[in-house]
Every structure is written in C-alpha cells, then in structure tokens.
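Commentary on secondary and tertiary structure
Letter by letter, the chains look like this.
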Amino acid sequence: MRDVLARAGIALTLAVAASAAVVADATHGKQVFATCAACHSDKPDAIGPSLKGVYGRKSGALSDFRYSNAIMRANLTWDEANLRDYIKDPQAKAKGNRMPFGGLSEPADIDDVIAYLKDYK
C-alpha cells in the first residue's frame, strides 16, 4: 500500500509541476504584444483593427475597420485555438489576409499573448 501511495504522490507532484510550467503569463504577453500595438491601436487611422475585446469576437466584426476578404470569409471566433493558429501563422489560418506579419514561433509567447488578449478590454 505504501508503494501505491508513494507512486500516487510522485504522479501528483509531476502533474502539478507540469501544469505550473504551462501557465501563461499575461504580463509577458503584454510585452510581446507591444510589437503588435504598432498596427493594432485604437487610433482611427490604425493599420490594423483594434484588438481590445478581441477574445470571443467574430473575425471581421468591427464596423469601423475595412477587413480583407480573407478575414471576412474566414468566419472565425477568436477563441484560444483560433488565436493560437493565427498568431503562429496568419497566412495559414486565413490565406490571403493583408496582415504583414509572419507569426510568432515560440509557443510560450503565443500562450502569453493570448492570456493578455483575454483581459485586454
């Protein structure tokens, strides 16, 4: 019985350590997002649409921005999975979109930006 409890304790410790390692850091996400903010601001003449409140929003939903046909056709909801795919490789997720950004390559950076966007209102 002690052996079973010891193994269960080790498994629990490993699970807690693994989950702590994958917790996204919204503060770091804000720092990474600073590059995005050059185009995605609240200014009326911004190159890209505002990303305030983007989490959960439909693609192409802001009436004050002229989106590409690719984004309008994509019909995405900006949830974790769609944001992750788009931030990693915008052209693969919405082929033909106008965003001149090659994507982020580090999974932790992507997770952190998503964590930031969830609270960016």
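Everything here concerns the structure above.
All values reported here derive from a predicted model rather than from experimental measurement.

**Structural notes on the packing of aromatic side chains**
As enumerated under the stated definition, the model contains 5 aromatic pairs in all. Among the aromatic residues, ring-to-ring pairing joins F33, Y116 and Y120 into one connected group.

**Digging into unusual backbone geometry**
Residues other than glycine seldom take positive phi values, yet N75 does so here, at roughly 50°. Within the fold, N75 resides in the loop between α3 (69-74) and α4 (80-88). Looking at N75, the relative accessible area reads 54%, which means it is exposed.

**Brief notes about the nonpolar core**
Ranked by internal contacts, the top residues of the largest apolar core, which has 20 residues, are I87 and L117. Residue assignment for this core shows that the elements contributing at least two residues are α2 (26-33), α4 and α6 (107-119). Ranked by residues supplied to this core, first place goes to α6 with 5 residues.

**Digging into the state of the cysteines**
With the rule as written, the count across this model stands at 0 disulfides. C36 takes part in no disulfide bond, and the closest cysteine sulfur to it belongs to C39, at a distance of 8.6 Å.

**A short note on α2**
Restricting attention to buried positions, one finds in α2 the residues G29, V32 and F33. Projected onto a plane normal to the axis of α2, the buried residues spread over an arc of 95° and lie on a single side. Exposed residues on α2 whose side chains face more than 90 degrees from its buried face are T27, K30 and Q31. Elements that come into contact with the buried residues of α2 comprise α6. For α2, the N-terminal cap is D25; the gap from its side-chain oxygen to the backbone nitrogen of T27 is 3.1 Å.

**Description of α6**
Taking 1.5 Å as the rise per residue, α6 with 13 residues should run 18 Å; its terminal C-alpha atoms sit 19 Å apart, in good agreement. Among all positions of α6, only I110, D112, V113, I114, A115, Y116 and L117 are buried. Where α6 is buried, its residues meet α2 and α4.

**Points about the pattern of salt bridges**
As enumerated under the stated definition, the model contains 5 salt bridges in all. Among the salt bridges present, the one from R84 reaches D111, with a minimum N-O distance of 2.7 Å. Of this pair, R84 sits in helix α4 while D111 is found in helix α6, placing the two residues 27 residues apart along the sequence. Take R84: its relative accessible area is 30%, and that puts it in the partly exposed class. Among the ionic contacts, a cluster of salt bridges with common partners joins E80, R84, D111 and K118.

Reading the values: rules and limits
Residues numbered from 1 in each chain as written. Predicted model: local features only at pLDDT ≥ 70, side-chain atom pairs only at ≥ 80, totals over all residues. Heavy atoms only, no water. Phe/Tyr/Trp six-rings, centres within 6.5 Å; stacked < 30°, edge-to-face > 60°. Helix = DSSP H or I, 4+ residues; strand = E, 2+ residues; numbered from the N terminus. Buried < 20%, exposed > 50% of the residue type's maximum accessible area, 1.4 Å probe, protein only. Core = buried A, V, L, I, M, F, W, Y, C linked by side-chain atoms within 4.5 Å. Disulfide = S-S within 2.5 Å. Arc of directions from axis to C-beta. Contact = heavy atoms within 4.5 Å. Polar contact = N/O pair within 3.5 Å; in protein donor to acceptor, adjacent residues only side chain to side chain. Expected span 1.5 Å × (residues − 1). Salt bridge = Lys/Arg side-chain N within 4 Å of Asp/Glu carboxyl O.

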